[in-house]
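# Tertiary structure, described
Residue-level listing of the chains:
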Amino acid sequence: MAPKPETLAAFEAAKGFMPLDEGLALHAAAEEAARLGLPLIEIGTYCGRSTILLADAARGAGVTAVTVDHHRGSEEQQPGWEYHDPEVVDPEVGRMDTLPAFRRALHAAGLEEHVVAVVGRSPQVAALWAAPVGLVFIDGGHTDEHATGDYEGWAPHLAPGGALVIHDVFADPADGGQAPYRVYRRALESGAFTEVSATRSLHVLRRTGRGV
Ligand code: SAH
Ligand code: MG
């Protein structure tokens, strides 16, 4: 079921990098995966735009969405780079801090109680994680180091039938960086995943085998 108008309004009002069509595909994948009764994991919270959609699906199924970010921004979001937003700099610290905007967005959406936000580096959090999960959404750092770390840290926790969703997958280097695409290829080549859908750069895979 598509999100309610007020949820979509909160999504549209949140800062971030998730277009509506890809967001709806993420939401559909999350609703299906949430039926497993296991937590939904997001790597790359930023200001909570995609988190709102995962949280809405989590609410519907009575599970929890867990979103992981150090909140200091990716390489391309730092001052002087293409995706920098001066509004999310903490003037006292002189560094990016997207946590306040995230908390405001989640509050506005009325979804706080369905989300656990973890502030930290993805590989460090993954190393502490031991529970099976129903969905892993990889939308964190776009260098090979970060994207590979997200895959290696989180994909092994996916339950059978769980969803691996990867954003910013571009087969053509002219369209964007290749690290998420390489992770997507690697997941398919592992034999552990089958592709379910693709909505522009958002690819949904299902865990159908072992290995990862
Ligand atoms: N999902 C968001 C966009 C995420 S942008 C949306 O819908 O708008 C990518 C985010 O990943 C940034 O906030 C950045 O701080 C975070 N990030 C990058 N590398 C990370 C890492 N290694 N661990 C945790 N967070 C990371
Ligand atoms: Mg993205």
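Here, every reference points to the structure presented above.
Everything in this summary refers to the structure shown in the same document.

How each quantity is defined
- Residues numbered from 1 in each chain as written.
- Chains lettered and ligands numbered in written order.
- Predicted model: local features only at pLDDT ≥ 70, side-chain atom pairs only at ≥ 80, totals over all residues.
- Heavy atoms only, no water.
- Core = buried A, V, L, I, M, F, W, Y, C linked by side-chain atoms within 4.5 Å.
- Buried < 20%, exposed > 50% of the residue type's maximum accessible area, 1.4 Å probe, protein only.
- Helix = DSSP H or I, 4+ residues; strand = E, 2+ residues; numbered from the N terminus.
- Contact = heavy atoms within 4.5 Å.
- Donors = N, O, S within 2.8 Å, 3.2 Å for Na, K, Ca; no water.
- Pairing = 2+ DSSP bridges.
- Axes fitted to C-alpha atoms, helices over the stretch in contact; angles between N-to-C directions.
- Right-handed = clockwise from strand over helix to strand, strands pointing away.
- Parallel < 35°, antiparallel > 145°, perpendicular 65-115°, else oblique.
- Left-handed = near helix turned anticlockwise from the far one by under 90°.
- Nonpolar A, V, L, I, M, F, W, Y, C, P; charged D, E, K, R; others polar.
- Polar contact = N/O pair within 3.5 Å; in protein donor to acceptor, adjacent residues only side chain to side chain.
- Near = heavy atom within 4 Å.
- Areas by Shrake-Rupley, 256 points an atom, 1.4 Å probe, with all protein chains shown as cover.

Attention now moves to the nonpolar core. L40, I52, L54, L135, F137, V165 and L202 are the most contacted members of the largest nonpolar core, which has 31 residues in total. For this core, the elements supplying multiple residues, two or more each, are α1 (5-13), α2 (20-34), α3 (49-61), α4 (99-109), β6 (133-138), β7 (158-166) and β9 (202-207). The residues contacting L135, other than those within four sequence positions of it, are A29, A30, A33, P39, L40, I41, L54, L158, A163 and V165. Ranked by size, the runner-up nonpolar core spans 24 residues in total, among them I41, I166, V169 and V183.

A few words on the coordination of the magnesium ion (ligand 2). Around the magnesium ion (ligand 2), the protein contributes the donor atoms D139 (OD), H167 (ND1) and D168 (OD), at 2.0 to 2.3 Å from the metal centre. For the magnesium ion (ligand 2), the single-chain donor residues occur in sequence as D-x27-H-D. Here H167 falls in the buried class, since its relative accessible area comes to 2%.

A word on the sheet that holds strand β2 (residues 65-69). By definition, the strands of a sheet pair up through backbone hydrogen bonds, in either a parallel or an antiparallel sense. Spatial strand order, β5-β2-β1-β6-β7-β9-β8: seven strands in an open sheet with mixed pairing. Unpaired on one side and paired on the other, β5 (115-119) and β8 (193-199) mark the two borders of the sheet. Geometrically, the sheet is characterised by an average inter-axis angle of 15 degrees between neighbouring strands, direction not taken into account. The pairing of β8 with β9 spans six bridges and is classified as antiparallel. In the strand pairing of β9, F193 is matched with R207.

Before going further, it helps to examine the pairing of β6. Among the six residues that make up β6, six are buried, leaving the element largely enclosed by the rest of the structure. Judged from the four bridges that link them, strand β1 (residues 40-43) and β6 form a sheet pairing that is parallel. Looking at β6, one finds that E42 is bridged to F137. With five bridges connecting them, β6 and β7 associate as parallel partners. Residue pairing for β7: L135 is matched across the bridge by A163. Running through helix α6 (residues 144-154), the crossover from β6 to the neighbouring parallel element β7 is right-handed.

This next bit is on the packing of α1 against α3. Close contact between α1 and α3 brings their axes to 8 Å; oriented N to C, the two are set at 160 degrees. When the interaxial angle is binned, α1 and α3 end up roughly antiparallel. Of the two possible hands of crossing, α1 and α3 adopt the one that is right-handed. Residues T7, A10, F11 and E12 of α1 touch α3, and the partners they reach there are R49, I52, L53, D56 and R59. Class assignment for the residues of the contact of α1 with α3 results in four nonpolar, one polar and four charged.

Now for the side chain of D56. Counting through the fold element by element, D56 comes out in helix α3. In terms of polar contacts, D56 uses its side chain to reach the side chain of R59, at 2.7 Å.

Attention now moves to the site of ligand 1. Near ligand 1 there are 21 residues, and of these F17, G44, S50, D69 and D139 occur at the shortest range. Separating a nitrogen atom of ligand 1 from a side-chain N or O atom of S50 is a distance of 2.8 Å. Protein chains bury 98% of the 580 Å² of accessible surface belonging to ligand 1 in isolation.

The residue I166 is located in strand β7 in this model. I166 sits 129 residues away from G37 along the chain, and the two C-alpha atoms are 21 Å apart. Excluding anything up to four places from it in sequence, I166 contacts I138, P180, V183, Y184, S201, L202 and H203.

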